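Here's the letter readout for the chains.
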Amino acid sequence: MTRLLLFQGLVGLSEAMYLWLVAAGLSLIFGVLRILNFAHGALYMLGAYLTYALFRATGGNFFLALLVAPLLVAVIRLFYRADVAFQLLLTFAFVLIFDDLVKLAFGPVYQSPPTPPSLSGAVSVFGSVLPVYHLFILGAGCAVAVGLWLFLEKTRFGLLVRATASDREMARALGVRSSRLFTVVFMLGAWLAGLGGALSVPVRTISPGMGELIIIEAFVVVVLGGLGSLRGAFLGAMAIGLLHAYGILWLPVFELALAYLGMAAVLVVRPWGLFGVREA
C-alpha cells in the first residue's frame, strides 16, 4: 500500500508540472502587469501546436521543436496600458482568435504526436511501471522552478521585477523603465505557457480549445497560492496534482471537484491565498 501511495504521488507531481508552468506565467504576468490574462490557456495551446508542427517539419526532432516553439509563443505581446474591463474583453477575444487560427491551420481534429524515441519506454518505480517521459517532465518542471527563483532573486533585473510588482509607481519614480520591463515579463510569462504546451505534446492529445481546459485549473492554482506569488503557484500546482492523483484512488466520483473544494477551504481561512499579500 505504501508503494502504491508513493507511486501515485509521483504520477500526480509529474502531471502537476504542466499546470505549474501555465500558472507560473499567469501569476508572473498578473503580479507585475496586473493583467487577468484569460488568453494564457490559448498560449499553452499555441505552444502545443507549434511544437507539433515543428516536430513534423524537422523530421521528428522533438528537442529542437521544444526549444523553438515556446520562443515563438513568447513574441506575442498583449496590451497592458488599459483598464481592467478592456483587458478582460481583449484577452477573451484572443482566446477566440487563437482557437479559430488553430482550426484553420491544423483542422478541428485531434492530434496525437508520438513520444520521442529517446524519451520513450518505462522504468520500474516503487514496484510499478512509470513512463520515462513522466520523469523527464518532473525534472523539467523543477528545473524551471529553480531557474525562475535564481532569475528573480539573484539578478538585477529580477530585483526590478520584484520592486515593480511591489510598488509600480515607486519603481517608476526611481527610474525603472516600466515599458521595457513589462514587455520582458509578458514574454517570459508567454514562454512559460508555451513551454507547458510544448511539453504536453508527446503525452496529451492536442486539439482546438485545449487551452480552456487548463486555464480553469491554472486560475484555481493562482487563487489558491495567492495572486502574484510564484511560490504559491508552485505549491498550489503540486497540491492540485496530488489531489487528482489520490482522488482517483479514494474518491473517483468526486475527483474533478477536489481542486475546487480545496480552493474553497483555503479561501475560507485565507481569502488572499496561501502566499498572497493581504490588501490594506
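As shown above, the structure is provided for reference.
Residues numbered from 1 in each chain as written. Predicted model: local features only at pLDDT ≥ 70, side-chain atom pairs only at ≥ 80, totals over all residues. Heavy atoms only, no water.

Enquirer: Go over the pairing of strand β1 (residues 122-125), please, and point to the residues and values.
Expert: Successive side chains on a regular strand alternate, one facing one side of the sheet and the next facing the other. Bridging between β1 and strand β2 (residues 128-131) involves four bridges; their strand directions are antiparallel. Note that in β2 the partner of V123 across the bridge is L130. Where β1 hands over to β2, the hairpin turn is made up of two residues, of which F126 adopts a positive phi near 55 degrees. (Pairing = 2+ DSSP bridges. Helix = DSSP H or I, 4+ residues; strand = E, 2+ residues; numbered from the N terminus.)

Enquirer: Quick one: what's the story with the packing of aromatic side chains, residue by residue and with numbers?
Expert: Tallied over the entire structure, the rule returns 11 aromatic pairs. Seen in terms of ring centroids, F38 and F219 are 5.2 Å apart; in terms of plane orientation they differ by 45 degrees. Their pairing is tilted. Separated by 181 residues along the polypeptide, F38 in the loop between α1 (2-33) and α2 (40-57) and F219 in helix α9 (residues 210-225) bring together distant segments of the chain. For F38, a relative accessible area of 34% translates into the label partly exposed. Consider the rings of F62 and Y133, whose centres lie 6.2 Å apart with planes at 70 degrees: the pair is edge-to-face. Pair noted here: F62 is in helix α3 (residues 62-74) and Y133 is in helix α5 (residues 132-154), with a separation of 71 residues, a long-range link. Across the pair, Y133 and F62 agree in class, each one buried. Aromatic rings pair up to connect F62, F63, Y133 and F136 into one cluster. (Phe/Tyr/Trp six-rings, centres within 6.5 Å; stacked < 30°, edge-to-face > 60°. Buried < 20%, exposed > 50% of the residue type's maximum accessible area, 1.4 Å probe, protein only.)

Enquirer: Before we move on, can you summarise the nonpolar core with the specific residues and values?
Expert: Membership of the largest hydrophobic core comes to 81 residues, with the highest contact counts inside it found for W20, L33, L43, F98 and L199. Examining the composition of this core, we find that 17 residues originate from one element, α1, more than from any other. Those residues in contact with F98 that sit more than four places away from it in its chain are A42, L43, M45, L46 and I76. (Core = buried A, V, L, I, M, F, W, Y, C linked by side-chain atoms within 4.5 Å. Contact = heavy atoms within 4.5 Å.)

Enquirer: Residue-level account of the environment of F157, with values.
Expert: Assignment of secondary structure puts F157 in helix α6 (residues 156-166). Among the residues examined, F157 registers a relative accessible area of 22% and is labelled partly exposed. Taking the C-alpha atoms as reference, F157 lies 8.4 Å from L181; in sequence the two are 24 residues apart. If we skip the residues at most four places from it in the chain, F157 touches F151, L181 and V184.

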